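Residues per chain are reported as follows:
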Amino acid sequence: MSPTRTTPEQRSAKLEAAHRQLVDAVASVASSEGWLRYLAAMHRFHDYSATNVMMILFQRPDAQRVAGYRTWQALGRQVVKGAQGIAIWAPCARRVEREDETTGESVTARTLSGFRLVHVFDVADTEGEPLPEHPAQATLLTGEAPDGMWTHLASLVDSAGFQLELVDDIAGRPGANGVTDFLAHTVQVATSGRSNASQVRTLCHELAHAKLHGPSTSNRSRELIEVQAESVAFLVSHSFGLDAMDYSLGYVASWSGADSEVVLATARTVQRCAAEILAGLDDDPPS
Ligand SMILES: [Zn+2]
């Protein structure tokens, strides 16, 4: 036994300490002034219905953030001349006079009378004041991954019964770094423009999905599973001596709504999963 061998107890203490760093970092995002400004701006954007999301992506596959003409104005931005709007369905309400059953008085109510096409615009077709950015923007890692990290994680993806595929970009998911498909049993990692360190962090994120989630857990909220997967990626990276905070904090803060309690509540699950991933290794690399 080498003198640097890490015992399971030492490992779990280290994982707990690293997780605490992440939780504290999320808490500090939530208490920043930038977070309130960001929330106020985001509050103005609608959550579109599934049909409208499809319509938006069909007409404008690269759309980043869409809103109506007046919402952009309220955010200090103008739709540029000649911009082509994106047509979506908006509900129409009609006023109806009703008699209140208890008082007998006449009251006005609004009722859905149908839908009409309205136009929204992508942020790329607007100009003016910059939108408040997420105070902890996830930044892709740069540089090389620690030796052996990729091989170790790739072998675990394989043992989990998933086929690992390297692709330039994830089809139909612009900007996504990776995807785990529970039906096809594949894990895809996007490589184009991503450093070696960034790819290995993505691999770990997808491995966590493969181990913790599945088709039967698809009813769990997307927010929760993303917080879990990225927290595991952060912990495992940390144990390998790779600092993933620049990326993981932004990701975990956005999916948790910068709620450190949400992140803390996953502690046991993510620390156990990280310990399992690291279990095959004799020693933690020097940190
Ligand atoms: Zn994910």
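Keep in mind that what you see is a predicted model, and the values were worked out from it rather than measured.

Structural notes on the packing of helix α7 (residues 222-239) against helix α8 (residues 245-255)
So, point 1. As a packed pair, α7 and α8 sit with axes 9 Å apart at the nearest point and diverge in direction by 165°. Taken together, the axes of α7 and α8 lie roughly antiparallel to each other. When the axes of α7 and α8 are compared, the crossing they make is left-handed. Residues R222, E223, E226, V227, E230, S231 and F234 of α7 touch α8, and the partners they reach there are M245, Y247, S248, Y251, V252 and W255.
So, point 2. Looking at the contact of α7 with α8 residue by residue, the classes come out as seven nonpolar, two polar and four charged.

Some thoughts on the pattern of salt bridges
So, point 1. Within this structure, the stated rule accounts for nine salt bridges.
So, point 2. Of the charged contacts, one joins R60 and D125 as a salt bridge, the two residues approaching to 2.7 Å between their closest N and O atoms. Placement of R60 in the loop between α3 (50-59) and β1 (66-67) and of D125 in the loop between β4 (106-122) and β5 (126-128) is noted, with a sequence separation of 65 residues between them. Comparing R60 with D125 shows no difference in burial state: the two are buried.
So, point 3. As a salt-bridge pair, E226 and R222 come within 2.9 Å of each other at their nearest N and O atoms. Remark: R222 and E226 occur in helix α7; sequence separation between them is four residues, near one turn of the helix.
So, point 4. Classification of E226 by relative accessible area gives buried; the value is 5%.
So, point 5. Look at R222 and you get partly exposed, because its relative accessible area is 39%.
So, point 6. Each of the salt bridges in this network shares a partner with another, and the network as a whole consists of R60, D62, D122 and D125.

Definitions and cut-offs
- Residues numbered from 1 in each chain as written.
- Predicted model: local features only at pLDDT ≥ 70, side-chain atom pairs only at ≥ 80, totals over all residues.
- Heavy atoms only, no water.
- Axes fitted to C-alpha atoms, helices over the stretch in contact; angles between N-to-C directions.
- Helix = DSSP H or I, 4+ residues; strand = E, 2+ residues; numbered from the N terminus.
- Parallel < 35°, antiparallel > 145°, perpendicular 65-115°, else oblique.
- Left-handed = near helix turned anticlockwise from the far one by under 90°.
- Contact = heavy atoms within 4.5 Å.
- Nonpolar A, V, L, I, M, F, W, Y, C, P; charged D, E, K, R; others polar.
- Salt bridge = Lys/Arg side-chain N within 4 Å of Asp/Glu carboxyl O.
- Buried < 20%, exposed > 50% of the residue type's maximum accessible area, 1.4 Å probe, protein only.

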